[in-house]
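Descriptive structure summary
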Amino acid sequence: MGNEIDSLDEILNRLTRVFREDGYEAASLARLSKATGLGRSSLYHYFPGGKSEMALAVVERSNKLFAEKVIEPLRRNVAPKERLVEMVRNLEGYYARGTESCLLGVFAMSGAPNPLRDHIRVGLSDWIDALACALTDAGLSRAVARDRAEEAVCRIEGALVVARDRRPSAFHAYTESAEDRLACARPRDA
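Residue positions within a chain follow its written sequence, with the count starting from 1. pLDDT decides what is reported in this predicted model: residues at 70 or higher carry local features, side-chain atom pairs at 80 or more are listed and counted, and totals for whole chains, interfaces and linings draw on all residues regardless. Note: side-chain values were computed over all heavy atoms of the structure, leaving out hydrogens and water.

**Quick look at the overall build of the chain**
Helix and strand assignments follow DSSP, with helices taken as H or I runs no shorter than four residues and strands as E runs no shorter than two, numbered in order from the N terminus. Along the chain, the regular secondary structure elements total nine helices and zero strands. When the elements of the chain are put in sequence order from the N terminus, they spell out α-α-α-α-α-α-α-α-α. Taking 2.2 N^0.38 as the reference for a compact globule, 190 residues should give roughly 16 Å; the C-alpha atoms of the chain span a radius of gyration of 18 Å, in line with that estimate. For the C-alpha atoms alone, the extent of the chain along its principal axes is close to 60 × 30 × 30 Å. Taking all contacts inside the chain whose residues are at least 6 apart in sequence as the whole, residues at least 24 apart take part in 63%. When the accessible surface of the chain is totalled, it reaches about 9800 Å², and 50% of it is carbon and sulfur. Computed over 28 positive and 28 negative side-chain charges, the inter-centroid distance for the chain is 2 Å. When we talk radius of gyration, it's over C-alpha atoms, and the globule rule is simply 2.2 Å times the number of residues to the 0.38. Only heavy atoms enter the contact rule, under which two residues are in contact if any of them lie within 4.5 Å. Here, Shrake-Rupley sampling with a 1.4 Å probe gives the accessible areas, and only protein chains in the shown set may cover a residue. All tallies of charge rest on Lys and Arg as positive and Asp and Glu as negative; His and the ends of each chain are not included. The atom standing in for a charge is NZ when the residue is Lys, CZ when it is Arg, CG when it is Asp and CD when it is Glu.

Take a look at the structure:
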């Protein structure tokens, strides 16, 4: 395939790879241009706002895909255990068993501007809310479900940070235990 681009979706895929690898600040226009195979003027044609618009488009699409793959299964009208198991299974796929970094996490750690930080907050909040709802449906009190959901998201994000340091097995090890822990959804000491 080389560097030929046949769609905006492919441009966003390539931009996403750069931002996942380099973060926001370190992703130079030269690197973004090289990754897409487009000159700077062509990049500005697609994204007149420059790098910040590229990053915003990438984050918006990432949030949309994450919602489809991870959050929406938590809202399905099936047993809570099935929702939780599907979420964990889809996380494994979404993050390629820990070989793909969390774009929102990378941006949060790499000096992303405020509009991107707003998307990060919304994305994480939506995930925590949907997970807490599924845990409540599984029989936990709202307070315990919310705490458990926040803890799970923090652990998953932390496992992705460790996985980024070339240890994808850390993410997979956590998701295996998360499935058991969340699927049972039994309150600890309430």
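**Describing helix H7 (residues 114-137)**
By definition here, a helix of n residues has an expected span of 1.5 Å times n minus one. Taking 1.5 Å as the rise per residue, H7 with 24 residues should run 34 Å; its terminal C-alpha atoms sit 34 Å apart, in good agreement. Each residue is assigned to one of three classes by its accessible area relative to the maximum for its type, calculated with a 1.4 Å probe on protein chains only: buried under 20%, partly exposed between the two thresholds, exposed over 50%. Residues of H7 that are buried: Leu116, Ile120, Gly123, Trp127, Ile128, Ala130, Leu131, Ala132, Ala134 and Leu135. Just downstream of H7, glycine 139 is the residue with a positive phi angle, here 115 degrees.

**Concerning the pattern of salt bridges**
Oppositely charged side chains may form a pair once their charged atoms are brought near each other. Just to be clear on terms, a salt bridge is a Lys or Arg side-chain nitrogen sitting within 4 Å of an Asp or Glu carboxyl oxygen. Evaluation of the coordinates by the stated rule reveals 15 salt bridges. Close ionic contact of arginine 20 with glutamate 100 constitutes a salt bridge, the shortest N to O distance being 3.0 Å. Of this pair, arginine 20 sits in helix H1 (residues 8-26) while glutamate 100 sits in the loop between helix H5 (80-94) and helix H6 (103-109), and the two are 80 residues apart along the sequence. Where arginine 146 meets aspartate 129, a salt bridge forms, and the shortest distance between an N and an O atom there is 2.4 Å. Residue arginine 146 is located in helix H8 (residues 142-164), and its partner aspartate 129 is located in helix H7; the two are separated by 17 residues in the primary sequence. The structure contains a network of salt bridges with shared partners spanning Glu10, Arg14 and Arg17.

**Comments concerning the nonpolar core**
In plain words, nonpolar cores are sets of buried Ala, Val, Leu, Ile, Met, Phe, Trp, Tyr and Cys residues tied together by side-chain atoms within 4.5 Å. Counting residues in each nonpolar core, the largest one holds 55 residues, and the members touching the most others are Leu15, Phe19, Met87, Leu91, Phe107, Trp127 and Leu131. Secondary-structure elements contributing two or more residues to this core are H1, helix H2 (29-36), helix H4 (51-74), H5, H6, H7, H8 and helix H9 (168-184).

**Comments concerning the side chain of glutamate 86**
In this fold, glutamate 86 is placed in helix H5. By relative accessible area, glutamate 86 is classed as buried at 15%. Those residues in contact with glutamate 86 that sit more than four places away from it in its chain are Pro73 and Arg76.

**Here's the deal with unusual backbone geometry**
Backbone geometry places alanine 96, a non-glycine residue, at a positive phi of 45 degrees. Tracing the sequence through the fold places alanine 96 in the loop between H5 and H6. Phi is positive for arginine 97, close to 55 degrees, though the residue is something other than glycine. Here arginine 97 lies in the loop between H5 and H6. When its relative accessible area of 46% is taken as the criterion, arginine 97 is described as partly exposed.

**Structural notes on the packing of aromatic side chains**
Stacked, edge-to-face and tilted labels apply to pairs of Phe, Tyr and Trp rings (six-membered ring for Trp) whose centres lie within 6.5 Å, assigned for plane angles under 30 degrees, over 60, and everything in between, in that order. Enumeration according to the criterion identifies nine aromatic pairs in this entry. When the ring of phenylalanine 19 is compared with that of tyrosine 24, the centres are 6.3 Å apart and the planes differ by 5 degrees; the resulting orientation is stacked. As far as the burial class goes, phenylalanine 19 and tyrosine 24 line up, both buried. Summarising the aromatic geometry, the rings of tyrosine 95 and phenylalanine 171 are spaced 5.8 Å apart at their centres and angled 80 degrees between planes, so their arrangement reads as edge-to-face. Taken together, the positions of tyrosine 95 in the loop between H5 and H6 and phenylalanine 171 in helix H9 put the pair 76 residues apart, joining distant regions of the chain. Pair check on accessibility: tyrosine 95 and phenylalanine 171 agree, each one buried.

**Topic: the packing of H1 against H4**
To define axes, lines are fitted to C-alpha atoms, for helices over the stretch in contact only, and angles between the resulting N-to-C directions are given on a 0 to 180 degree scale. The interhelical angle for the contact between H1 and H4, taken along N-to-C directions, is 105 degrees, at an axis separation of 9 Å. In this view, H1 runs roughly perpendicular relative to H4, as classed from their interaxial angle. In this structure, H1 contributes Asp9, Leu12, Asn13, Leu15, Thr16, Phe19, Tyr24 and Glu25 to the contact, and H4 contributes Lys51, Ser52, Met54, Ala55, Ala57, Val58 and Arg61. Polar here means any residue outside two lists: the nonpolar Ala, Val, Leu, Ile, Met, Phe, Trp, Tyr, Cys and Pro, and the charged Asp, Glu, Lys and Arg; Gly therefore counts as polar. Within the contact of H1 with H4, the residues separate by chemical class into eight nonpolar, three polar and four charged. Roughly parallel means an angle under 35 degrees; roughly antiparallel means over 145; roughly perpendicular covers 65 to 115; every other angle is labelled oblique.

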